[in-house]
Amino acid sequence: MSPATPAPAAPRPARVLLVEDDDLMRRSFTVALDRYGYRMRAAADGLTGLEVFRAETFDLLILDVLLPGLDGIGLCRKVRETSLVPVLMMSARGDGLDVVAGLEAGADDYVVKPVDSYVLVARIRSLLRRATYPPAPAPGQTAGDEPLPSEGDLLVLGDLTIDTGGLEVFVAGSQVALTPTELKLLLEFAAHPGIVLQRHTLLRNVWEYGWDGDSRVVDLCVQRLRRKLGRDRIETVRGFGYKLRR
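Residues numbered from 1 in each chain as written. Predicted model: local features only at pLDDT ≥ 70, side-chain atom pairs only at ≥ 80, totals over all residues. Heavy atoms only, no water.

Spatially, five strands are ordered β2-β1-β3-β4-β5 in an open sheet, and the strand pairing comes out parallel. The strands lining the two open edges of the sheet, one partner per strand, are β2 (39-43) and β5 (109-112). On average, each strand axis in the sheet is tilted by 20° relative to the strand beside it, whichever way the strands run. Examined bridge by bridge, strand β3 (residues 60-64) and strand β4 (residues 87-91) share four bridges and lie parallel to one another. Following the sheet pairing, Ile62 is matched in β4 by Leu88. Strands β1 (15-19), β2 and β3 of the sheet are contacted by helix α2 (residues 46-55), whose axis makes an angle of about 160° with β1. (Pairing = 2+ DSSP bridges. Helix = DSSP H or I, 4+ residues; strand = E, 2+ residues; numbered from the N terminus. Axes fitted to C-alpha atoms, helices over the stretch in contact; angles between N-to-C directions. Contact = heavy atoms within 4.5 Å.)

In structure tokens, the structure reads:
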């Protein structure tokens, strides 16, 4: 009699750090997300949030913009000095400057308060899926007329090399650290080299918005990619979107 096949281990619950100074909102979000199966930690100000982040390991951070001591934007910058963990910003006003500043600091997405728990959970799930993004389609299987030069799991565009198996990116032989969102956006471009991708297409395929969301998240993420890969790598096609130069 053959031994029984062991049951697969249950997935580890995602650990989420919420930094929110409003007591009622912090408690309500913590309880709601705990019910969805997330392991929650919470902090009431930016400096405490930074201490907790440095002392423990988290799969995702939710940061309010307006925090005492160290605001959410400054906290996001501190996090990005050492970590590529997904970051979701929350803004009470939806102010354009807050949104842009948060995304420029390295946040992956944002929501405007008040926000329903199911919307927050949908954004969290999308960010966590990006953090465990599977390899891109096999090299050479693209929508362009000609396949990208490739070797095994490597896509090569001039001095840019993308390892689609190991999910690593190199420029002139040096590895470049990308957040999960930046990596997924680059892989989306690499799957369609030379093809113009509209902002709403990128919002749907990368951010997984089921509707036309705020295209600023696309524009700011493209700007961050340009700073890391070279400003000429991704071309703006005015009135349409962006394309990756072959």
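Anyway, onward from the coordinates.
With that settled, consider empty space enclosed by the protein. Applying the stated criterion to the full structure yields two cavities of 30 Å³ or more. Computed from the structure, the second largest cavity encloses a volume of approximately 40 Å³. Taken together, Val65, Met89, Met90, Ser91, Asp98, Val99, Gly102, Leu103, Ala107, Asp109 and Tyr110 make up the lining of the second largest cavity. Listing elements by their share of the lining of the second largest cavity, those giving two or more residues are β4, α4 (96-104) and β5. (1 Å grid on protein atoms, 1.4 Å probe; cavity = no way out; pocket = protein on both sides within 12 Å on 5 of 7 lines; lining within 4 Å. Points joined across faces, edges and corners; volume = space filled by probe spheres on them.)

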